[in-house]
Amino acid sequence: MTLANGGTFPRFSKYSGVAPWADGYFLWINIDIDPNTGKSRNEYPNQFLRGGESVTWFGGSTMHPESATVQGLLAAGRAPHPVADPPQEGESEGGGEDEEGQERGKKRGDVVIFVREVKQPYSCFGRVRVDSVDLTTRPVRMTWRLLDYQQHLWDCKHFRRIVDLAS
C-alpha cells in the first residue's frame, strides 16, 4: 500500500472499509467467524457468494447514497473494464471512452479488494466490479464480483479457505 501511495503510508479510517485513491479504491473486508459456532461475530457479516465469485461489502456508518465515496465506488465499479468487458463484435475498442481510457463524465479507476480473517494479515483478492447494490440499507450494502476469480483465485488454497469460512 505504501508503494501505491508514492512511498508514504496512506491515512484512512479503518472503520470505513474503503481507501480512495486518485485512480481507484481499495476495499477492506474482515471475516470474523466464531470457531465454536461457525457464525459471524459481525453485525453485518461479509459473505462470499456463488462459490467465491462475489463478496458482500458494507460501507461505513457515515456512508449514504449521496456521499462522494459511495458515488465514486459506483462509478468506478460500474465502468467498463477491458478484461471483464471486451469489446463486442462491431464495437470499437475505444467505445464510449476518451483518450485516457476514462468513460466520459466518470472517474475511471479500479476497485481492488483486500480480505482477512480478523487479526490476520490482509490478502489481495484483486479487482472487483459492482454486482448489486442496496442503497436503502444502513450501512450501504454492495456485492462485488471478483474479476480475477477464474484466472488467479479459484485454485488458491488461501482464497478457498477464506471463502469456506465466509460462505
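For the structure, check the block above.
Please read all numbers here as calculations on a predicted model, not as lab measurements. (Residues numbered from 1 in each chain as written. Predicted model: local features only at pLDDT ≥ 70, side-chain atom pairs only at ≥ 80, totals over all residues. Heavy atoms only, no water.)

A. View of the packing of aromatic side chains. Under the defined criterion, the tally for this structure stands at ten aromatic pairs. Where W21 meets F26, the ring centres are 5.0 Å apart and the plane angle is 55 degrees; that geometry is what we call tilted. On the numbers, 6.0 Å between centres and 65 degrees between planes, the contact of Y149 with F159 is edge-to-face. You can see Y149 sitting in helix 2 (residues 149–153) and its partner F159 sitting in helix 3 (residues 157–165), a full ten residues away along the chain. Y149 gets classed as buried once you look at its relative accessible area, which sits at 11%. You can call F159 buried: its relative accessible area is 0%. (Phe/Tyr/Trp six-rings, centres within 6.5 Å; stacked < 30°, edge-to-face > 60°. Helix = DSSP H or I, 4+ residues; strand = E, 2+ residues; numbered from the N terminus. Buried < 20%, exposed > 50% of the residue type's maximum accessible area, 1.4 Å probe, protein only.)

B. The side chain of T56, seen in detail. Examined against the element boundaries, T56 turns out to sit in strand 4 (residues 54–58). A polar side-chain atom of T56 sits 2.7 Å from the main-chain amide nitrogen of Q47. In this structure T56 touches I29, P45, N46, Q47, L49, R141, M142 and T143, once residues within four positions along its chain are discounted. (Polar contact = N/O pair within 3.5 Å; in protein donor to acceptor, adjacent residues only side chain to side chain. Contact = heavy atoms within 4.5 Å.)

C. Quick peek at the pairing of strand 5 (residues 110–117). The pairing of strand 2 (residues 24–31) with strand 5 spans eight bridges and is classified as parallel. Each residue of the ladder has a partner; that of G24, found in strand 5, is D110. Alignment of strand 5 against strand 6 (residues 123–134), held across five bridges, turns out to be antiparallel. If you follow V112 over to strand 6, its bridge partner there is R127. (Pairing = 2+ DSSP bridges.)

D. Spotlight on the nonpolar core. Of all hydrophobic cores here, the largest spans 30 residues; its most connected members are F48, W57, L73, F125 and W144. Among the elements of the structure, strand 2, strand 4, helix 1 (68–78), strand 5, strand 6, strand 7 (141–146), helix 2 and helix 3 are those that each provide at least two residues to this core. Apart from residues no more than four positions distant in its own chain, F48 is found in contact with I31, S54, V55, V115, F125, F159, I162, V163, A166 and S167. W21, F26, W28 and V112 belong to the second largest nonpolar core, which has six residues in total. (Core = buried A, V, L, I, M, F, W, Y, C linked by side-chain atoms within 4.5 Å.)

E. Main features of the environment of V118. In this fold, V118 is placed in the loop between strand 5 and strand 6. Taking the C-alpha atoms as reference points, V118 and I29, 89 residues apart in sequence, are found 9.3 Å from one another. In contact with V118, not counting residues within four places along its chain, are N30, I31 and D32.

F. Up close: the sheet that holds strand 6. Spatial strand order, 1-2-5-6-7-4-3: seven strands in an open sheet with mixed pairing. Every interior strand has two partners, whereas the edge strands, strand 1 (18–21) and strand 3 (48–49), have only one. Here strand 1 pairs with strand 2 via four bridges, running antiparallel. Bridge pairing links V18 to L27 in strand 2. Most of the contacts of helix 1 go to strand 6, to which it runs at about 100 degrees, and overall it touches strand 1, strand 2, strand 4, strand 5, strand 6 and strand 7. (Axes fitted to C-alpha atoms, helices over the stretch in contact; angles between N-to-C directions.)

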